Amino acid sequence: MGNLPAERITHTFPFNVCGVDFMGPLLVKPVAQRRTTARNMYVAIFVCFVTKAVHFGLVTDLTSEAFIACLKRFFASRGKSSVVYSDNATNFVGEQSELKRLSYMLKKPDENVSAYLDSQEIKWKFSPPRSPNFGGL
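Residues numbered from 1 in each chain as written. Predicted model: local features only at pLDDT ≥ 70, side-chain atom pairs only at ≥ 80, totals over all residues. Heavy atoms only, no water.

Going by an unreviewed UniProt entry, the protein carries the name Integrase catalytic domain-containing protein and comes from Araneus ventricosus.

So this is what it looks like as structure tokens:
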């Protein structure tokens with residue numbers, strides 16, 4: 001096994017360097033309301049590279065606006081990250097149509113996501129395909 005990446009062993013505040021992945025779709029139905037249909041929801045999982053702390057964020061759908069809203073909520077509660085890692089979503093290829101849209105969004109970032117990341121000075125790094133250990137987690 002190779003050496004750990006520098007981001008994993010450099011002490012810094014939690015979630016300064018983190019990884020993100022999606023889980024779902026989950027079928028969610030509001031309990032308090034009657035006659036409502038269940039909706040597909042997704043969970044964004046943020047993992048701190050240094051402390052291994054985990055943060056779960058609810059995402060309503062796989063649009064870039066919903067992901068930016070989830071990212072803003074994450075930054076508001078945990079502090080702004082300087083580097084965010086994600087896989088290339090190759091594990092999502094061949095899955096359901098909603099997950100294919102997520103894979104496309106992560107491979108070719110939308111202008112909205114790119115503009116938000118640039119304005120916040122956040123670096124987004126992708127792992128190479130078929131290498132889940134590249135980010136160190």
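(A) Focus on the side chain of Asn16. Relative to the assigned elements, Asn16 resides in the loop between helix 1 (6-9) and strand 1 (17-28). We classify Asn16 as buried; its relative accessible area is 14%. Setting aside anything within four residues of it in sequence, one finds Asn16 in contact with Lys80, Ser81, Ser82 and Val83. (Helix = DSSP H or I, 4+ residues; strand = E, 2+ residues; numbered from the N terminus. Buried < 20%, exposed > 50% of the residue type's maximum accessible area, 1.4 Å probe, protein only. Contact = heavy atoms within 4.5 Å.)

(B) Structural view of the sheet that holds strand 2 (residues 39-48). The strand order across the open sheet formed by five strands is 3-2-1-4-5, and the pairing between neighbours is mixed. The strands lining the two open edges of the sheet, one partner per strand, are strand 3 (54-59) and strand 5 (123-126). Ignoring strand direction, the axes of neighbouring strands in this sheet form an average angle of 30°. Relative to strand 3, strand 2 runs antiparallel, the two being bridged by six bridges. Paired with Ala44 across the strands is Gly57, a residue of strand 3. Where helix 2 (residues 64-78) meets the sheet, its contacts fall on strand 1, strand 2, strand 3 and strand 5, and the angle it forms with strand 3 comes to roughly 145°. (Pairing = 2+ DSSP bridges. Axes fitted to C-alpha atoms, helices over the stretch in contact; angles between N-to-C directions.)

(C) Expanded view of helix 2. Taking 1.5 Å as the rise per residue, helix 2 with 15 residues should run 21 Å; its terminal C-alpha atoms sit 21 Å apart, in good agreement. For helix 2, every residue scored as buried is listed here: Ser64, Ala66, Phe67, Ile68, Cys70, Leu71, Phe74 and Phe75. Following helix 2 by one or two positions, Gly79 has its phi on the positive side, about 95°. (Expected span 1.5 Å × (residues − 1).)

(D) Quick peek at the packing of aromatic side chains. Scanning the entire structure with this criterion turns up five aromatic pairs. Judged by centre distance (5.6 Å) and plane angle (45°), the ring pair of Phe22 and Phe67 falls under tilted. In this pair, Phe22 is assigned in strand 1 and Phe67 in helix 2, connecting sequence segments 45 residues apart. A single burial state applies to Phe22 and to Phe67, both of which are buried. Judged by centre distance (4.0 Å) and plane angle (5°), the rings of Phe46 and Phe74 are stacked. Highlighted residues: Phe46 in strand 2 and Phe74 in helix 2, separated in sequence by 28 residues. As far as the burial class goes, Phe46 and Phe74 line up, both buried. (Phe/Tyr/Trp six-rings, centres within 6.5 Å; stacked < 30°, edge-to-face > 60°.)

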